[in-house]
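One letter stands for each residue in the lines below.
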Amino acid sequence: GYGRFGIAYISDNGTGDSDTNVTSRFRLQIDATAESDAGVTIGARARIQQDADDAVSVDSLGADSDGDGVANFRSDRLGSGINGVRFFARSGGLEVGVGNIFGALEFMPGQYPIDLGLTGHNYDYTAFNFGGDAYDSDEEGAAGSNGVELMYSVGDFSAHISASDIGDRVAAYVAYTYSGITFALGGQDSDFAGDTELTATVSGTFGIADVALAYADNGTKGDHIVLAGRVAVGAATDIEAYIVDADQWSETGFGIDFNHDMGGGTSLRGGVSTGGSLGDETLVDMGVRFNF
Amino acid sequence: GYGRFGIAYISDNGTGDSDTNVTSRFRLQIDATAESDAGVTIGARARIQQDADDAVSVDSLGADSDGDGVANFRSDRLGSGINGVRFFARSGGLEVGVGNIFGALEFMPGQYPIDLGLTGHNYDYTAFNFGGDAYDSDEEGAAGSNGVELMYSVGDFSAHISASDIGDRVAAYVAYTYSGITFALGGQDSDFAGDTELTATVSGTFGIADVALAYADNGTKGDHIVLAGRVAVGAATDIEAYIVDADQWSETGFGIDFNHDMGGGTSLRGGVSTGGSLGDETLVDMGVRFNF
Amino acid sequence: GYGRFGIAYISDNGTGDSDTNVTSRFRLQIDATAESDAGVTIGARARIQQDADDAVSVDSLGADSDGDGVANFRSDRLGSGINGVRFFARSGGLEVGVGNIFGALEFMPGQYPIDLGLTGHNYDYTAFNFGGDAYDSDEEGAAGSNGVELMYSVGDFSAHISASDIGDRVAAYVAYTYSGITFALGGQDSDFAGDTELTATVSGTFGIADVALAYADNGTKGDHIVLAGRVAVGAATDIEAYIVDADQWSETGFGIDFNHDMGGGTSLRGGVSTGGSLGDETLVDMGVRFNF
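What you see is a predicted model, and the numbers here were worked out from it, not measured in a lab.

Asker: Let's hear about the environment of A241 of chain B: which residues, and what values?
Answerer: As for its placement among the helices and strands, A241 of chain B is situated in strand β13 (residues 237-246). Discounting chain neighbours no more than four positions away, the residues touching A241 of chain B are I114, L227, A228, G229, G255 and I256 of chain B.

Asker: Outline the pairing of strand β1 (residues 2-10) of chain B, supporting the account with residue identities and numerical values.
Answerer: Residues and elements named next belong to chain B. For β1, the tally of buried residues reaches seven of nine residues, placing the bulk of the element in the interior. As paired elements, β1 and strand β2 (residues 19-35) share nine bridges and run antiparallel to each other. Across the sheet, residue A8 finds its bridge partner in β2, namely N21. Here β1 runs beside strand β16 (residues 282-291); their pairing, made up of nine bridges, is antiparallel.

Asker: An account of the pairing of strand β3 (residues 41-51) of chain A is needed here, citing residue identities and associated values.
Answerer: Residues and elements named next belong to chain A. Burial within β3 is extensive, with ten of its eleven residues counted as buried. Note that strand β2 (residues 19-35) and β3 share eleven bridges and pair antiparallel. Each residue of the ladder has a partner; that of T33, found in β3, is G43. Where β2 folds back onto β3 in an antiparallel hairpin, the turn is made up of five residues, including G39, whose phi is positive at roughly 90 degrees. Strand direction decides the pairing type here: β3 and strand β4 (residues 86-91), joined by five bridges, are antiparallel. Paired with G43 across the two strands is F88, which belongs to β4.

Asker: Can you break down the pattern of salt bridges residue by residue, with the values?
Answerer: A side chain with one charge may pair with a side chain of the opposite charge, provided their charged atoms come close. Applying the stated criterion to the full structure yields 27 salt bridges over all chains. We note a salt bridge from R86 of chain B to E95 of chain B, for which the minimum N-O separation is 2.8 Å. By relative accessible area, E95 of chain B is classed as buried at 9%. One salt bridge connects R90 of chain C with E95 of chain C, and the closest N-O pair in it is separated by 3.3 Å. Bridged by salt links that share partners, the residues R86, R90, E95 and E149 of chain A form one connected network.

Basis of the calculations
Residues numbered from 1 in each chain as written. Chains lettered and ligands numbered in written order. Predicted model: local features only at pLDDT ≥ 70, side-chain atom pairs only at ≥ 80, totals over all residues. Heavy atoms only, no water. Helix = DSSP H or I, 4+ residues; strand = E, 2+ residues; numbered from the N terminus. Contact = heavy atoms within 4.5 Å. Buried < 20%, exposed > 50% of the residue type's maximum accessible area, 1.4 Å probe, protein only. Pairing = 2+ DSSP bridges. Salt bridge = Lys/Arg side-chain N within 4 Å of Asp/Glu carboxyl O.

Okay, here's the thing in structure tokens:
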């Protein structure tokens with residue numbers, strides 16, 4: 001797992017004032033596996049994750065944070081126990097998963113081209129914008145909702161299909177890597193009007209830069225286009241940036257960050273973003289992250 | 001601990017329709033011990049267990065799943081943190097336990113002659129039918145209710161006495177093994193009318209089969225008689241079956257399963273049961289289990 | 001972590017009757033760290049702690065146990081998941097902490113001169129009497145409330161300053177050890193009328209005894225004076241005792257205990273206390289503790 005902590009600044013916290021707060025996350029990852037004599041690996045992944053961006057209080061425990069009319073397992077910003085568990089069986093390039101599944105769109109190449117700053121900011125640069133099933137680190141995800149998925153990879157080709165009872169979602173992607181450039185195409189059928197219907201990405205390394213271009217048709221939320229990249233500056237530091245234009249937001253979004261590797265699994269990170277889901281406001285964060 | 005996942009089918013889910021769902025369990029067992037210079041082992045056992053047979057949602061957290069008028073620690077089908085902890089001190093054949101105790105009737109030989117299919121189905125083949133204290137993997141059990149127990153074994157003889165403030169239960173069993181056949185007799189005094197009053201079992205190996213016969217007088221729930229057995233078929237597979245007749249159910253219950261060892265702590269399991277607590281309905285499950 | 005269990009007797013449980021109950025605690029400590037190439041240790045501490053002094057039930061989950069008008073993360077006597085996490089970065093004698101911080105007054109030398117009996121009884125012998133931020137093992141502490149602290153030590157000198165949004169507390173202590181005697185002085189600015197304003201301690205070893213004298217000005221709770229000590233009797237046993245006089249209680253408080261080391265991280269402990277926060281009542285506990 002990993003931990004991170006630092007400072008986050010927002011130019012307007014909703015009351016007209018700016019706000020600077022301590023931000024932190026603790027993620028303890030539990031991977032448990034066994035291997036059959038025939039070489040099939042069977043296992044489970046769970047996480048104990050606690051974020052401190054909001055008050056750690058039972059006030060949020062049981063709140064209806066996703067607005068589906070049903071109180072949530074745990075609200076987004078409180079974590080004391082394990083999340084929904086993902087179970088899997090894997091043999092060669094084939095993997096079956098059930099429970100809190102990864103989700104085909106969430107796992108599609110090019111959806112997470114960068115990870116901005118210390119906290120990821122609002123992930124505006126993720127084109128499908130969470131309009132599909134995804135592994136949920138501090139809630140249940142598709143666990144208990146018949147989440148199932150099939151992942152397959154061979155050579156330069158990979159494919160992933162996932163389904164759950166959450167909006168009767170069925171999603172899939174196929175991806176192919178040619179001369180170091182990965183092309184991926186994904187689609188989904190869902191009962192939610194704001195879910196992603198179609199998404200396509202191109203990502204690869206061009207000279208000194210990793211660059212990704214991503215497009216998604218997010219149903220009633222409209223189109224979502226992202227251009228993002230990463231450049232190494234020196235032996236231990238890189239800079240990431242993105243620009244996003246999405247129909248659901250009135251402003252074009254921008255962000256830039258740095259990541260400095262301090263060795264031993266520790267790093268110093270910080271970023272600034274504006275526009276997109278932030279509207280006119282600016283979000284700045286900086287702090288350290290450590291892997292354990 | 002262990003994990004398991006697969007498919008469960010029920011012929012009627014309560015609305016007149018049949019239902020097929022993903023079923024899963026994740027159990028992380030925490031055994032912590034220390035040993036004194038005099039050779040006394042002192043320790044604790046806790047579990048983080050999550051089942052996904054029902055929605056993993058806070059809707060069930062705090063529900064009164066056992067109908068005692070008090071909301072539960074965690075409802076049966078939700079697990080994010082540790083259960084009630086059992087503490088013990090053990091020296092030679094003598095063990096004292098407090099907290100979320102095992103319970104004398106639950107631990108009596110012959111009460112769990114088999115473990116049907118992937119999920120255990122409804123454990124109709126457990127004669128005392130949970131009419132007494134038991135270690136509770138996803139709730140508190142007797143923790144916080146002054147649960148205490150004393151276990152003793154020497155040679156072919158074993159005994160166990162347990163007590164708690166839950167219905168002022170006091171229960172005990174004695175067991176003796178003679179020529180490979182184990183005879184056990186248990187009794188209980190309790191304030192709950194539906195608790196077990198008397199139970200007796202005979203279990204042993206007869207040729208190729210492990211067979212157990214169990215009887216319980218479950219108070220106002222009446223008599224409960226179980227015949228169950230296990231037969232090995234081939235080097236890595238066995239078949240288990242039971243028949244149960246209990247006054248609390250109008251139908252005689254039956255069940256049969258298979259367990260196939262795939263090596264490395266993994267196995268393929270499945271079973272079918274009907275009658276008993278299922279009434280006219282049929283329950284089928286199949287899937288994999290892995291120990292870690 | 002550690003576990004402990006035993007028996008606790010109180011002469012009046014609030015209904016006019018005496019009460020004897022099983023008491024227990026399970027503490028699983030999770031320390032996760034990484035070290036940068038420059039020698040900075042970055043890490044986090046979390047605990048899964050469950051006490052069984054009260055009913056382990058969701059009835060207490062979410063109760064407003066600290067009376068601040070907001071339901072608590074977890075009530076004091078129930079624990080299933082991790083508490084609020086403390087994050088830190090440490091280099092040489094300097095440490096920065098955020099989240100569920102230790103707190104300057106809680107960490108000041110002389111505030112915990114002894115640990116009475118099996119359970120610590122009511123910690124009447126802690127002069128600042130929890131009138132400040134402290135690491136909270138089964139709630140959130142200052143996590144999510146912008147808790148930050150700076151600790152520094154060099155040779156015989158140490159200092160600690162902490163702050164949080166809980167009552168806008170800012171607290172600090174300085175301590176110096178001279179000829180085996182530690183002098184410590186602490187102060188705090190807080191919005192809570194009953195919080196500690198000033199506290200001073202002297203502690204050291206005098207011949208066969210460890211002795212500490214502590215004073216605190218606890219705001220509207222008035223003065224709090226403690227004299228406490230520990231004497232070794234034989235190779236594996238010690239006896240601790242305290243006397244406390246505090247304006248907030250009508251009775252002077254007394255307590256005495258024994259701790260007998262049984263080897264391998266196990267010990268037998270017991271104590272008796274009266275007066276102070278207990279008023280006319282008497283509290284007795286005895287049991288075993290094991291470290292793991």
